[in-house]
Amino acid sequence: MTSTTPTAADRPQRSRLNRLIRELWFQVVLGAVLGIAVGVLAPGFGEELKPLNDWFIDLVKMIVVPVVFCVVTTGIASMDNLRKAGRIGVKAIGYFLVLSLLSMLIGLVVANIFQPGAGLNVDPSSLNAADVPETATEHATFTGFVSSLIPASLLGAITGDAILAALMVSIVFGVALNMAGEDGAPLTRGIKALSDVVFRIVGWVMRLAPLGTFGALATVVATYGAESLKQLGYLIILFTATCVVYVVVVLGAIMRACRLSLFGLMRFLKAELLVALSTCSSEAVLPQLVRKLETLGVGRPVVGIVIPSGFSFNLDGSAVYLTMASVFLGQAMGIDLSWQQQLVMVGVMMLTSKGTAGIAGGAFIVLASTVTAVGHIPLAALSLIVGVDRILNEGRVFINVLGNAVATIVIGKWEKDFDTDKARRILQSGKESESPALPADTDTKAGADV
């Protein structure tokens, strides 16, 4: 009789396989593969799976604002010098503006060199303006941006879903606690305890990421799949290649200047990047990104200010998309945009792109606002890329998330609030990449793979 008892050689292999199966990033990849398969083989069923992604995103949005409030408030309240908060904010905004401008210019240069829209010769009269989503007419304005910063009530900002308003209230609350000194200490400790509870909930929610990924990709492949890829394949390939070059060259150079490995950082954040890539939502990974960067060695004040503001102001992937898509539309319509007109578009986008934080399809709205403001391209031209905007959004979100992680490291080093040796050790070994540090009084088993 043949024995079925595992041999000594089999046990390590099974142990490694079991550990791999328990890894969140592997579960996300598996959900993505299954979602694509369902979208191709059973498109009707794939379209019905959209609620899985919607429910996951809603669960994450439920916890995003509490995370922002806890991290920002405790970070500022614990500062010895309030001028540090202002210094971090000024440095972050300066960095964001430089990277946004660079990203837009890269998209502009690539679109002019490779001309993805040339030869389409689209007749404007053949376009159907009804294909443009209604949200595209909700143009971003400076006054709307300022209004989004001011909540209807103090507690309303904390219980709502507007990140900018929550960030504003969190900063004000943190400054007030800091100035209150010992009188505010009990409340500060209470918010820190709340932070531990909130991050435990984050861990539970992130366990559902594979289901959200499965539903998202099944729906996308079933809905847009082959037809969209055939119609605008060159634009998709060119944009994807530009995203890859941007990550390797621009973000790679910044990380080399910090004497850290970009690919090590991507390996460290693989679960978060995979979730962002598949769900096309930056908010889906914001809570976990905050925890991971603290684990990497960035100080809480830096993480608390840079990450929430970065997801509002530092959208490098969206910046590349905006200029490339604008030039593509002009080329497709046979409209020759001069360099002066293109630079005007960049200027308009630099302003309007800062007012769409938290708005679904924000980059598409900015594109519509720019097209309307400049006036050289008919708004109906947006119907040309509506079908593939969801596919292009994957590259945008991936760069947005990775770019904000890099920005946090840069500002942390700039502020000397970053443990470089610890970060280098983690990025080289990868041993802590899926097990962020938890408070001492927290059950580490429950927080594993958060």
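The chain has the name Cation:dicarboxylase symporter family transporter in an unreviewed UniProt entry, where Streptomyces lancefieldiae is given as its organism. As its UniProt record puts it under Subcellular location (unreviewed entry), the chain is described as follows: "Membrane".

1. Some remarks on the UniProt feature "transmembrane region" (unreviewed entry) in the chain
Here, the residues flagged by UniProt with the feature "transmembrane region" (unreviewed entry) are residues 24-42, 62-80, 92-114, 154-180, 201-226, 232-255, 359-385 and 397-414. In the segment residues 397-414, helix accounts for 100% and strand for 0%; the C-alpha atoms at its two ends are 25 Å apart.

2. Description of the packing of helix 4 (residues 50-77) against helix 10 (residues 209-223)
Where helix 4 contacts helix 10, the two axes come as close as 7 Å, and the packing angle between them is 135°. The orientation of helix 4 with respect to helix 10, classified from their angle, is oblique. Of the two elements, helix 4 crosses helix 10, and the hand of that crossing is left-handed. Facing helix 4, whose interface residues are K50, L52, N53 and F56, helix 10 presents A209, L211, G212, F214, G215, A216 and T219. Here the contact of helix 4 with helix 10 is composed, by residue class, of 6 nonpolar, 4 polar and 1 charged.

3. Some points on unusual backbone geometry
The backbone phi angle of Q115 is positive, close to 45°, even though this residue is not glycine. Mapped onto the elements, Q115 comes out in the loop between helix 5 (83-114) and helix 6 (142-149). The backbone of K416 sits at a positive phi, close to 55°, despite the residue not being glycine. Mapping K416 onto the fold places it in the loop between helix 19 (386-414) and helix 20 (420-429).

4. A short note on the environment of F313
Counting through the fold element by element, F313 comes out in helix 15 (residues 300-313). Counting along the chain gives 221 residues from F313 to A92, while the straight-line C-alpha distance between them is 9.4 Å.

5. Section: a nonpolar patch on the surface
Taken together, V109, I113, F114, Y234 and W339 make up a surface patch of nonpolar side chains, about 530 Å² in accessible area. Here the nonpolar patch takes 3 residues from helix 5, the largest share from any one element. Tracing the sequence through the fold places Y234 in helix 11 (residues 225-257). Y234 sits in the partly exposed class, given a relative accessible area of 41%.

6. Topic: the pattern of salt bridges
Taken as a whole and assessed by the stated rule, the structure comprises 7 salt bridges. Note that D417 is salt-bridged to K84, the shortest N-O span being 3.1 Å. Within this pair, whereas D417 is found in the loop between helix 19 and helix 20, its partner K84 is found in helix 5, the two being separated by 333 residues in sequence. Of the residues examined, D417 reaches a relative accessible area of 18% and is grouped as buried. Close ionic contact of D421 with R424 constitutes a salt bridge, the shortest N to O distance being 3.6 Å.

7. Regarding the packing of helix 9 (residues 185-206) against helix 14 (residues 286-296)
Interhelical geometry of helix 9 versus helix 14 gives an angle of 120° and a closest axis separation of 10 Å. Judged on the interaxial angle alone, helix 14 and helix 9 are oblique. When the axes of helix 9 and helix 14 are compared, the crossing they make is left-handed. Two secondary-structure elements touch here, helix 9 through F199, V202 and M206 and helix 14 through P287, Q288, V290 and R291. Residue composition of the contact of helix 9 with helix 14, by class: 5 nonpolar, 1 polar and 1 charged.

The rules behind the values
Residues numbered from 1 in each chain as written. Predicted model: local features only at pLDDT ≥ 70, side-chain atom pairs only at ≥ 80, totals over all residues. Heavy atoms only, no water. UniProt positions renumbered as here; feature names shortened; annotations may be inferred. Helix = DSSP H or I, 4+ residues; strand = E, 2+ residues; numbered from the N terminus. Axes fitted to C-alpha atoms, helices over the stretch in contact; angles between N-to-C directions. Parallel < 35°, antiparallel > 145°, perpendicular 65-115°, else oblique. Left-handed = near helix turned anticlockwise from the far one by under 90°. Contact = heavy atoms within 4.5 Å. Nonpolar A, V, L, I, M, F, W, Y, C, P; charged D, E, K, R; others polar. Patch = residues over 30% accessible without salt bridge, like charges linked within 9 Å, V, L, I, M, F, W, Y side chains within 5 Å. Areas by Shrake-Rupley, 256 points an atom, 1.4 Å probe, with all protein chains shown as cover. Salt bridge = Lys/Arg side-chain N within 4 Å of Asp/Glu carboxyl O. Buried < 20%, exposed > 50% of the residue type's maximum accessible area, 1.4 Å probe, protein only.

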